[in-house]
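Each chain, written out:
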Amino acid sequence: MADLAFSTNAYTNHSLSEAVDRIADHGYAGVELLGDAPHAYFPEFGDEDRRALTAALDATDLAVSNVNANTAMGYYDDAPPSAFFEPSLITADDDRRSWRVEYTKRAIDLADAVGSPAVCVATGRPLPGNPPERAREHLEASLDEILDYAEPRGVEVGIEFEPELLIECTDEVLELIETVDRDALGVNLDLGHAAVYGEDLAETIERTAGRVTGVHLEDIVGGRRGKHYHRIPGEGDLDFAAIFDALDDAGYDGFVTMELYTYPDEPDRAARESMEQLNRYV
């Protein structure tokens, strides 16, 4: 039976410690930490920030479900309000790619410090001048270095696939896991992404069983015919009863983390209504 967590990436108008407090108030068992600005952007996340986070976690008794290192908005002086994957693990520029590898290691350090079982990271897009076959070589080399760092610390690394990224579906993430062949590499399974790609979610859950480092969940309107926009459960078309039945059938007993970064102006409503909708299934 899975437990419910909520990501702090909905609370970007609040400090990380306040986000933890508010998520606890809504009855969640876990919290996912945004490993990016304005919460834990690692080049600026110091000892005082870590102590404040640890105090908030201790006070609320929340477990950490995951450290979300998918984006690097803090890298930019004036980033627009959208998910930035660059610099990514596949970036053609060696220095920028190395920066991202080191950034992911700092996410692993935080996961180790707060008892998170995993970090997640997205692959990024193959940009002009970096065709997919070359980007794939960069990805595998980046992952080897990251996994060498993660494995001794007991932290798993979950690739989060997403339409239009280098790794964008279940077929591709499972093939990557097989090729890299490291025990600590798995999939951070975002079921909304699978729905937008047109996958059968029960089949996706069955196929990834045993390799899931964590689950992201949100509602999606239209599935394959819809748009990639994260919505509160009940505001889209996903069958959550079927999703949780499939997770139970697969023996998944980790966290299901609501990821609703699309509600920065009303995160408490998103957290509260998500719990009301999903509490009947767990």
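Look a little higher up for the structure.
Residues numbered from 1 in each chain as written. Predicted model: local features only at pLDDT ≥ 70, side-chain atom pairs only at ≥ 80, totals over all residues. Heavy atoms only, no water.

Quick look at the sheet that holds strand E7 (residues 212-217)
Here comes step 1: The strand order around the closed barrel built from 8 strands is E1-E2-E3-E4-E5-E6-E7-E8, with neighbouring strands paired in parallel fashion. The sheet shows a mean angle of 30° between the axes of neighbouring strands, direction not considered.
Here comes step 2: Two elements, strand E4 (residues 118-121) and strand E5 (residues 156-159), share 4 bridges in a ladder whose sense is parallel. By the bridge assignment, Val 121 is partnered in E5 with Ile 159.
Here comes step 3: Each of strand E1 (3-7) and strand E2 (30-34) touches helix H1 (residues 16-25); the most contacted strand, E2, lies at about 155° to it.
Here comes step 4: Taken strand by strand, helix H5 (residues 170-180) contacts E5 and strand E6 (185-190), and its axis lies near 165° from that of E6. (Pairing = 2+ DSSP bridges. Helix = DSSP H or I, 4+ residues; strand = E, 2+ residues; numbered from the N terminus. Axes fitted to C-alpha atoms, helices over the stretch in contact; angles between N-to-C directions. Contact = heavy atoms within 4.5 Å.)

With respect to the pairing of E4
Here comes step 1: Of the two faces of E4, the one holding Ala 118 and Cys 120 and the one holding Val 119 and Val 121 are both buried throughout.
Here comes step 2: Crossover strand E3 (residues 63-68) to E4 through helix H3 (residues 94-114) is right-handed.
Here comes step 3: Taken together, E4, helix H4 (residues 132-150) and E5 constitute a β-α-β crossover, and its handedness is right-handed. (Buried < 20%, exposed > 50% of the residue type's maximum accessible area, 1.4 Å probe, protein only. Right-handed = clockwise from strand over helix to strand, strands pointing away.)

As for a negative patch on the surface
Here comes step 1: On the surface, Asp 200, Glu 203, Glu 206, Asp 239, Asp 245, Asp 248 and Asp 249 cluster together into a patch of negative charge.
Here comes step 2: Looking at the negative patch, the elements that each hand over two or more residues are helix H7 (201-208) and helix H8 (240-249).
Here comes step 3: Ranked by residues supplied to the negative patch, first place goes to H8 with 3 residues.
Here comes step 4: In this fold, Glu 203 is placed in helix H7. (Patch = residues over 30% accessible without salt bridge, like charges linked within 9 Å, V, L, I, M, F, W, Y side chains within 5 Å. Areas by Shrake-Rupley, 256 points an atom, 1.4 Å probe, with all protein chains shown as cover. Salt bridge = Lys/Arg side-chain N within 4 Å of Asp/Glu carboxyl O. Lys, Arg positive; Asp, Glu negative; His and termini not counted. Charge placed at Lys NZ, Arg CZ, Asp CG, Glu CD.)

Focus on unusual backbone geometry
Here comes step 1: Residue Pro 38 is reached from Ala 37 by a cis peptide bond, and omega for that bond is 5°.
Here comes step 2: By secondary structure assignment, the location of Pro 38 is in the loop between E2 and helix H2 (47-60).
Here comes step 3: Cis geometry is adopted by the peptide bond preceding Pro 87, which originates at Glu 86 and carries an omega value of -10°.
Here comes step 4: Position of Pro 87 among the secondary structure elements: in the loop between E3 and H3.
Here comes step 5: One non-glycine residue, Asp 61, lies in the positive phi region at around 60°.
Here comes step 6: The topology assignment puts Asp 61 in the loop between H2 and E3.
Here comes step 7: A positive phi is found at Asp 181, a non-glycine position, where the angle reads about 60°.
Here comes step 8: Looking at where Asp 181 falls in the secondary structure, it is placed in the loop between H5 and E6.
Here comes step 9: Taking the relative accessible area as the measure of exposure, Asp 181 reaches 62% and is therefore exposed.

Concerning the pattern of salt bridges
Here comes step 1: Under the counting rule described, the total for this entry stands at 18 salt bridges.
Here comes step 2: Among the ionic pairs, Arg 106 bridges to Glu 102, the shortest N-O distance being 3.5 Å. Of this pair, Arg 106 and Glu 102 both sit in helix H3, 4 residues apart, roughly one helical turn.
Here comes step 3: Given a relative accessible area of 30%, Arg 106 falls into the partly exposed group.
Here comes step 4: Classification of Glu 102 by relative accessible area gives partly exposed; the value is 31%.
Here comes step 5: A salt bridge links Lys 105 to Glu 145; the nearest nitrogen and oxygen atoms lie 2.9 Å apart.

Here we look at the packing of aromatic side chains
Here comes step 1: Going through the model one piece at a time under the given rule, you end up with 10 aromatic pairs.
Here comes step 2: On the basis of an interplanar angle of 50° and a centroid distance of 5.4 Å, the ring pair of Phe 6 and Tyr 28 is categorised as tilted. With Phe 6 in strand E1 and Tyr 28 in the loop between H1 and E2, this residue pair connects regions lying 22 residues apart in the sequence.
Here comes step 3: We classify Tyr 28 as buried; its relative accessible area is 5%.
Here comes step 4: A ring pair is formed by Tyr 75 and Tyr 76, whose centres lie 5.3 Å apart and whose planes are at 75°; its orientation type is edge-to-face. (Phe/Tyr/Trp six-rings, centres within 6.5 Å; stacked < 30°, edge-to-face > 60°.)

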